[in-house]
Every structure is written in C-alpha cells, then in structure tokens.
Amino acid sequence: MVRTRLKRCTKCKKFGLKDKCDECGISMKEVAPLKYSPEDPQGARRRKRLNAGSEKWIDSLPSIEGDYSDE
Ligand SMILES: [Zn+2]
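The shown structure was predicted, so the numbers you read here are calculated from the model rather than taken from an experiment.

Asker: How do you make sense of the overall build of the chain when you look at a structure like this?
Answerer: Looking only at helices and strands, the chain features 2 helices and 3 strands. Reading the secondary structure of the chain in the N-to-C direction produces β-β-β-α-α. Counting the 71 residues in the chain, one finds 4% classified as buried. Taking as baseline every contact in the chain between residues at least 6 positions apart, the subset at least 24 positions apart corresponds to 7%.

Below you can see the structure in the form of structure tokens.
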C-alpha cells in the first residue's frame, strides 16, 4: 500500500498532492506527518507538565539519599 504524501507550497502555503503547486507552479515541499498539531492545547499542556530536566522536575523525583534505615 502506497501512502500519498501530503505536500505544501512554500509560497502560498496551499496543501496538495502534486509535485508542483496548482497556483504558483513551483515545487511543493513534502509535509512531515505531525503526531500532534502544534496548535493542540493538549500537546502544549503535555509538554509543560512533562518539563523533564528542569530543576522543578528533578525536585519532584523521589530521593533515596540518606534513607537506608531499613538495612
Ligand atoms: Zn503555491
């Protein structure tokens, strides 16, 4: 099964499936399929929540330092 790749004109921003834009006649650029829309508020919230690597995120990790009393 061949999946048709969506293309987009870099000039008029029009989406299409042909190699060249119907409007401008210039080469269309292949659009990489996006898993999440950049305009998806859920995606932004997800990234914000999973702010991994930040100091806040490190603080939220459970620490086992100095907690060996069970041994
Ligand atoms: Zn165009």
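Asker: Explain the sheet that holds strand β2 (residues 15–16) here, please?
Answerer: Within a sheet, each strand pairs with its neighbour through backbone hydrogen bonds, oriented either parallel or antiparallel. Ordered in space as β2-β1-β3, the 3 strands form an open sheet in which the pairing is antiparallel. Of all the strands in the sheet, just β2 and β3 (28–30) have a single pairing partner and so form its edges. The pairing of strand β1 (residues 7–9) with β3 spans 3 bridges and is classified as antiparallel. If you follow K7 over to β3, its bridge partner there is E30.

Asker: So what exactly am I meant to see when it comes to unusual backbone geometry here?
Answerer: Trans is the common state for peptide bonds, and a negative phi is the common state for residues other than glycine. In this structure, K13 takes a positive phi of about 60° despite not being glycine. Here K13 lies in the loop between β1 and β2.

Asker: It is not clear to me how the environment of D19 should be interpreted in this structure. Could you clarify?
Answerer: For D19, the position within the fold is in the loop between β2 and β3. Assessed through the 9 C-beta atoms surrounding it within 10 Å, D19 is described here as exposed. Considered as a pair, D19 and K7 are 12 residues apart in the sequence and their alpha carbons are 7.6 Å apart. What D19 contacts, discounting residues up to four positions off in sequence, is S27 and M28.

Asker: Looking at this structure, how should I read the environment of V31?
Answerer: In this structure, V31 sits in the loop between β3 and α1 (41–49). Taking the number of C-beta atoms within 10 Å as the measure of exposure, V31 has 12 and is therefore exposed. Distance from V31 to R5, taken between C-alpha atoms, is 7.2 Å for residues 26 residues apart in sequence. In contact with V31, other than residues within four places in its own chain, are L6, K7 and R8.

Asker: What am I meant to see in the confidence of the model for the chain here?
Answerer: Predicted coordinates in regions of low pLDDT should not be interpreted in detail. This prediction gives the chain a mean pLDDT of 77; 66% of its residues lie at or above 70. When pLDDT is averaged over each element of the chain, β1 comes out on top at 93 and α1 at the bottom at 70.

Quick notes on the rules
- Starting afresh in each chain, residues are numbered from 1 along the sequence in its written order.
- Given that this is a predicted model, residues contribute local features only at a pLDDT of at least 70 and side-chain atom pairs are listed and counted only at 80 or more, while totals for whole chains, interfaces and linings are drawn from all residues.
- Numbering goes from the N terminus for both helices and strands, where a helix is a DSSP run of H or I of at least four residues and a strand is a run of E of at least two.
- A residue is called partly exposed when the number of other C-beta atoms within 10 Å of its own lies between 12 and 20, exposed at 12 or fewer, and buried at 20 or more, with C-beta atoms placed from the backbone.
- Here contacts are defined at the residue level, using C-beta atoms placed from the backbone and a cut-off of 7 Å between them.
- Two strands qualify as a pair provided DSSP detects at least 2 bridges between them.
- Residue-level confidence of the predictor is what pLDDT reports, using numbers from 0 through 100.

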